[in-house]
Amino acid sequence: GGKDGVVKVWNCGQLESDVAVSSSHTFSPCGANRRQQQFRALRTVRNSKAVAVGSETGEILLFRIDSRGNTKAEQICKLEPEQGASACAVMCIEQFDTELESMVVFARENGTVQGWDLRRDSPSWSVQRVPPWLG
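Now for a look at the structure at hand. All values derive from a computational prediction rather than experimental measurement.

So, about the overall build of the protein chain. When its secondary structure is counted, the protein chain shows 0 helices and 10 strands. What you see in the protein chain, going N to C, is helices and strands ordered as β-β-β-β-β-β-β-β-β-β. Partitioning the intrachain contacts of the protein chain with sequence separation of at least 6 by distance along the chain shows that 32% fall at a separation of at least 24. In the form shown here, the protein chain has an accessible surface area of approximately 8,600 Å², with 50% of it arising from carbon and sulfur atoms.

Written out as structure tokens, the structure is:
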């Protein structure tokens, strides 16, 4: 993802046989206001063909990548910032996969850290204003 709002997915397995590999999927998700967004963070979701993308406006978007030749990605879920909260960019995303849950953890520019169990459509937990000295 990048400032132009375009996400490209590459098949790194093709690099063994060809150094001029093009992206296998390219898509431009739109935000709530239907404008392209700038993306700050992207993480693949283990044991699935999906990516989580964090935006400049604080949204987390989850996309399923179709590996059957279709170059489009389907948005399967979106987690928006809390009502009334000012828009703070998502700075990093990490994903933890266990037998019990698939958790996407992300940090926003204002120091908020949240966990999102992908089986739900709302955050599972939140830590407000983590001090900068904790990293």
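So that's the structure; there's more coming.
Further remarks concern the nonpolar core. Core analysis: the largest hydrophobic core is formed by 13 residues, its most contacted members being Ile60, Leu62, Val90, Ile93, Phe106 and Trp116. Those elements that provide at least two residues to this core are β3 (39-45), β4 (50-55), β5 (60-65), β6 (73-79), β7 (90-97) and β8 (102-108). Excluding its chain neighbours within four sequence positions, the residues that come into contact with Leu62 are Val45, Ala50, Val51, Ala52, Glu74, Gln75, Ile76, Cys77, Trp116 and Leu118. By size, the runner-up hydrophobic cluster in this structure holds 10 residues, among which are Phe27, Phe39, Val51 and Val53.

Our next topic: the sheet that holds β4. With antiparallel pairing, 4 strands are arranged side by side in an open sheet as β3-β4-β5-β6. Bordering the open sheet on either side are β3 and β6, each of which pairs with just one other strand. Adjacent strand axes in the sheet meet at a mean angle of 25° when their direction is disregarded. Of the strand pairs in this sheet, β5 and β6 are connected by 6 bridges, and their pairing is antiparallel. Among the inter-strand pairings, Ile65 is bridged to a residue of β6, identified as Ala73.

What follows is about unusual backbone geometry. Notably, Asn47 is not glycine yet its phi reads approximately 60°, a positive angle. Take Asn47: it is sitting in the loop between β3 and β4. The exposed category is assigned to Asn47, whose relative accessible area is 74%.

Before going further, it helps to examine the side chain of Thr112. The residue Thr112 is located in the loop between β8 and β9 (113-117) in this model. Only 2.9 Å separates the side chain of Thr112 from the side chain of Asn110, close enough to count as a polar contact. Once residues lying within four places of it in the same chain are set aside, the contact partners of Thr112 are Phe106, Ala107, Ser126, Val127, Gln128 and Arg129.

What follows deals with the side chain of Asp117. Relative to the elements of secondary structure, Asp117 occurs in strand β9. Take Asp117: its relative accessible area is 5%, and that puts it in the buried class.

With antiparallel pairing, 4 strands are arranged side by side in an open sheet as β7-β8-β9-β10. Of all strands in the sheet, those with a lone pairing partner are β7 and β10 (125-127), marking the two edges. Averaged over all adjacent pairs, the angle separating strand axes in this sheet is 15°, with direction ignored. The pairing of β8 with β9 spans 5 bridges and is classified as antiparallel. Looking at the pairing, Phe106 lines up with Gln114 of β9.

Turning our attention to the pattern of salt bridges. Summed over the entire model, instances satisfying the criterion amount to 5 salt bridges. Counted as one network, the salt bridges with shared partners bring together Glu59, Lys78 and Glu80.

How each quantity is defined
- Residues numbered from 1 in each chain as written.
- Predicted model: local features only at pLDDT ≥ 70, side-chain atom pairs only at ≥ 80, totals over all residues.
- Heavy atoms only, no water.
- Helix = DSSP H or I, 4+ residues; strand = E, 2+ residues; numbered from the N terminus.
- Contact = heavy atoms within 4.5 Å.
- Areas by Shrake-Rupley, 256 points an atom, 1.4 Å probe, with all protein chains shown as cover.
- Core = buried A, V, L, I, M, F, W, Y, C linked by side-chain atoms within 4.5 Å.
- Buried < 20%, exposed > 50% of the residue type's maximum accessible area, 1.4 Å probe, protein only.
- Pairing = 2+ DSSP bridges.
- Axes fitted to C-alpha atoms, helices over the stretch in contact; angles between N-to-C directions.
- Polar contact = N/O pair within 3.5 Å; in protein donor to acceptor, adjacent residues only side chain to side chain.
- Salt bridge = Lys/Arg side-chain N within 4 Å of Asp/Glu carboxyl O.

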